[in-house]
Amino acid sequence: MSAFINLERISKSFGSFKVVDELDLEIAQGEFLSLLGPSGSGKTTILMMLAGFVEPTSGVIKLQGQRIDHLPAHRRNMGVVFQNYALFPHMTVAENVAFPLIMRGMAKAEVGERVGRAIDMVQLTPIKDRKPAQLSGGQQQRVALTRALVFEPSVVLMDEPLGALDKQLREHMQFELRELHRRLGLTIVFVTHDQGEALTMSNRIAVFNAGRIEQLASPEAIYDRPETRFVAEFIGETN
Ligand code: ADP
């Protein structure tokens, strides 16, 4: 079985500090994979290396068997959603979604088509002409997600995308995101430090500790059969 994304012996150091240490990871097409671990365990760095914003010190990244680690971010066909998803306040929802396409010089007709399709996919059509100030936090986060989906990416990378939302909205968005994942068959790599979130959202969870994977398994296996003391203690913190 060939993986959709391969990280092979990926390391990243900042100066003499090794943040990611010879990481091997395979991600399947259509899976929802969470990178779970405490703050500082290297999760964001891995996501940034996948996205092309941070260059690995060594190792290989492949998408569908082709090396992508030397490609710039805009040629990797990956959508990225951050926690701080700043929307442009003076632009409507549709304009916010169109902006990154216009920046890349896409023809107007195609921009319109893609924006319409993406907004429809995330069911934002009824509010497409509103400005961010007229939207709830959850709706704003959906616009940020749409801005990533408008590229029709093969992978969506998310870094604590729900971290800024209050508990109730966060749970609602977890549900929406799971639905969207299922409906669109997206491949999602999702960074979180929230055990409960990873357990409810994911097909698989990679539990990180100091730049290494302690355990990579289904939520059930992680919860019922933690393989290391670190995993047991980290997962146990939710209870
Ligand atoms: P996580 O996402 O798990 O919180 P990060 O990947 O953000 O972890 O960070 C892992 C470690 O790498 C942290 O100790 C962080 O301070 C360090 N780090 C991240 N980016 C840089 C950088 N650009 N320069 C120096 N150190 C960094």
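Residues numbered from 1 in each chain as written. Predicted model: local features only at pLDDT ≥ 70, side-chain atom pairs only at ≥ 80, totals over all residues.

- Named according to an unreviewed UniProt entry, the chain is Spermidine/putrescine import ATP-binding protein PotA originating from Aminobacter anthyllidis.
- Entered under Function (unreviewed entry) in the UniProt record, the comment concerning the chain runs "Part of the ABC transporter complex PotABCD involved in spermidine/putrescine import. Responsible for energy coupling to the transport system."
- The heading Catalytic activity (unreviewed entry) in the UniProt record of the chain holds the text "ATP + H2O + polyamine-[polyamine-binding protein]Side 1 = ADP + phosphate + polyamineSide 2 + [polyamine-binding protein]Side 1." (UniProt positions renumbered as here; feature names shortened; annotations may be inferred.)

1. Thoughts on the packing of helix H2 (residues 93-103) against helix H4 (residues 137-149)
Helix-helix packing: each pair is described by the crossing angle between the helix axes and the interaxial distance.
No. 1: Two elements in contact, H2 and H4, have axes separated by 8 Å at closest approach and are oriented at 35°. Judged by the sense of rotation from one axis to the other, the crossing of H2 with H4 is right-handed. Residues Val93, Asn96, Val97 and Pro100 of H2 form the contact with H4, whose participating residues are Val143, Thr146 and Arg147.
No. 2: Within the contact of H2 with H4, the residues separate by chemical class into 4 nonpolar, 2 polar and 1 charged. (Axes fitted to C-alpha atoms, helices over the stretch in contact; angles between N-to-C directions. Helix = DSSP H or I, 4+ residues; strand = E, 2+ residues; numbered from the N terminus. Left-handed = near helix turned anticlockwise from the far one by under 90°. Contact = placed C-beta atoms within 7 Å. Nonpolar A, V, L, I, M, F, W, Y, C, P; charged D, E, K, R; others polar.)

2. Details of unusual backbone geometry
No. 1: The phi torsion at arginine 9 lies on the positive side, around 45°, for a residue other than glycine.
No. 2: Taking the C-beta count within 10 Å as the criterion, arginine 9 has 12 such neighbours and is therefore assigned exposed.
No. 3: Of note, glutamine 64 is a non-glycine position whose phi angle comes to about 50°, a positive value.
No. 4: By the element assignment, glutamine 64 lies in the loop between strand E4 (58-63) and strand E5 (66-67). (Buried ≥ 20, exposed ≤ 12 C-beta atoms within 10 Å, placed from the backbone.)

3. Things to note about the sheet that holds strand E1 (residues 5-14)
No. 1: Taking strand neighbours across the sheet as the criterion, the 4 strands line up as E2-E1-E4-E5 in an open arrangement whose pairing is antiparallel. Two strands close off the open sheet at either side, each with one partner strand: strand E2 (17-27) and E5.
No. 2: Here E4 runs beside E5; their pairing, made up of 2 bridges, is antiparallel. Each residue of the ladder has a partner; that of leucine 63, found in E5, is glutamine 66.
No. 3: Contacts from helix H1 (residues 43-51) reach E1, E2 and E4, with the element oriented near 60° to E2. (Pairing = 2+ DSSP bridges.)

4. Some details on the sheet that holds strand E6 (residues 78-82)
No. 1: With mixed pairing, the 6 strands of this open sheet are ordered in space as E6-E7-E8-E3-E9-E10. In this open sheet, the two strands that pair with only one neighbour each are E6 and strand E10 (212-217). Strand after strand, the sheet turns through a mean of 15° between neighbouring axes, direction not considered.
No. 2: Along the sheet face, H4 touches E6 and strand E7 (155-159) and points at about 160° away from the line of E6.

5. What about the pairing of strand E9 (residues 204-209)?
No. 1: Pairing between strand E3 (residues 32-36) and E9: 4 bridges, direction parallel. Paired with leucine 33 across the strands is arginine 204, a residue of E9.

6. So, the confidence of the model for the chain
Detailed reading of the predicted coordinates is not advisable wherever pLDDT is low.
No. 1: Here the chain averages 92 in pLDDT, and 98% of its residues register 70 or above.
No. 2: Per the prediction output, this complex has pTM 0.91; the corresponding ipTM is 0.96. (pLDDT = per-residue confidence, 0-100.)

7. Brief notes about H4
No. 1: Between its first and last C-alpha atoms H4 spans 18 Å; for 13 residues at 1.5 Å apiece the expected length is 18 Å, and the two agree.
No. 2: Counted residue by residue, H4 has 10 buried out of 13 residues, so it is predominantly covered.
No. 3: Contact partners of the buried residues in H4: E6, H2, helix H3 (108-121), E7 and helix H5 (167-184). (Expected span 1.5 Å × (residues − 1).)

8. Notes on the site of the ligand
No. 1: Contacts to the ligand come from Phe14, Val19, Gly37, Ser39, Gly40, Ser41, Gly42, Lys43, Thr44 and Thr45.
No. 2: Sort the elements by how many residues they give to the shell around the ligand and H1 lands first, with 3 residues.
No. 3: Tallied by class, residues from the shell around the ligand come to 2 nonpolar, 7 polar and 1 charged. (Near = placed C-beta within 6 Å.)

9. Some words on the packing of H2 against H3
No. 1: Packing of H2 against H3 brings their axes to within 10 Å, and their N-to-C directions diverge by 130°. It follows from the interaxial angle that H2 and H3 lie oblique. The way H2 lies across H3 gives a crossing that is right-handed. Counting all contacts with H2, which are made through Ala94, Val97, Ala98, Leu101 and Ile102, the residues of H3 involved are Val111, Arg114, Val115, Ala118 and Ile119.
No. 2: Along the lines of polarity and charge, the residues of the contact of H2 with H3 split into 9 nonpolar, no polar and 1 charged. (Parallel < 35°, antiparallel > 145°, perpendicular 65-115°, else oblique.)

10. A look at H5
No. 1: An ideal rise of 1.5 Å per residue puts 26 Å on 18 residues; H5 measures up with 25 Å between its terminal C-alpha atoms.
No. 2: By the burial criterion, the buried members of H5 are Met173, Leu177 and His181. Along the axis of H5, the buried positions cluster into a sector of 80°, meaning they face one direction only. Opposite its buried face, H5 presents the exposed residues Gln168, Phe175, Glu179, Arg182 and Arg183, each directed more than 90 degrees away.
No. 3: As for H5, its buried residues are in contact with E3, H4, strand E8 (188-192) and helix H6 (195-201).
No. 4: Positive phi shows up at glycine 185, right after H5, with a value of about 65°. (Arc of directions from axis to C-beta.)

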